[in-house]
Amino acid sequence: MKLDIFQVDAFTDTLFAGNAAAVVPLPAIMTDWLPDALMLQIAQENNLSETAFVKRLGDGHYQIRWFLPLCEIDFCGHATLAAAYVLLQREPVASLRFSTLKVGDLSVVQGQDG
C-alpha cells in the first residue's frame, strides 16, 4: 500500500517558517485505521512535533488522529489546519468537518485568503 505524506508549515506562507506538521491522508479505500504501532512508526520517521492521520468518512467529512514521535495525543491545532490545507487541495469544498476520538467534531472553513 502506498501512502502520501505531506509536510506543511502552518501559520505562514514562507518556506521553512511557521509550525511544521506531517499530514497522512489514508487512501479512500481504507475503512479502518492503520495499526497504532504503524502510525507511531510513521510519526517517528517524520520526526516532526506532530503527524496528523486523516480518514475520509464522506464529502468534506474526515476523522483525524494526531501522533507525536512518542505517542498519540488528544488534539493538535496546527496539525489540524495543516490537514485541512492538504485536503482542500484535493477536495475543493468550502468547509471541512473533522471527527475526533477525544474532543468531538472540529470545523475548518476556508477563508478568502485560502
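Summary of the structure given here. The shown structure was predicted, so the numbers you read here are calculated from the model rather than taken from an experiment. (Residues numbered from 1 in each chain as written. Predicted model: local features only at pLDDT ≥ 70, side-chain atom pairs only at ≥ 80, totals over all residues. Heavy atoms only, no water.)

## Some words on the pairing of strand β3 (residues 51–58)
The buried count for β3 comes to six of eight residues, which makes it a mostly enclosed element. As paired elements, strand β2 (residues 19–25) and β3 share four bridges and run parallel to each other. If you follow V24 over to β3, its bridge partner there is F53. Two strands pair when backbone bridges link them, and β3 and strand β4 (residues 61–67) are joined in this way by seven bridges, in the antiparallel orientation. Considered in β4, the bridge of V54 is made with I64. The antiparallel hairpin formed by β3 and β4 contains two residues in its connecting segment, where G60 sits at a positive phi of about 65°. (Buried < 20%, exposed > 50% of the residue type's maximum accessible area, 1.4 Å probe, protein only. Helix = DSSP H or I, 4+ residues; strand = E, 2+ residues; numbered from the N terminus. Pairing = 2+ DSSP bridges.)

## What about the environment of D9?
Tracing the chain through its elements places D9 in strand β1 (residues 6–10). Sequence separation of D9 and A22 is 13 residues, and the distance between their C-alpha atoms is 8.9 Å. Here F16 takes part through its backbone nitrogen, which lies 3.3 Å from a polar atom of the side chain of D9. (Polar contact = N/O pair within 3.5 Å; in protein donor to acceptor, adjacent residues only side chain to side chain.)

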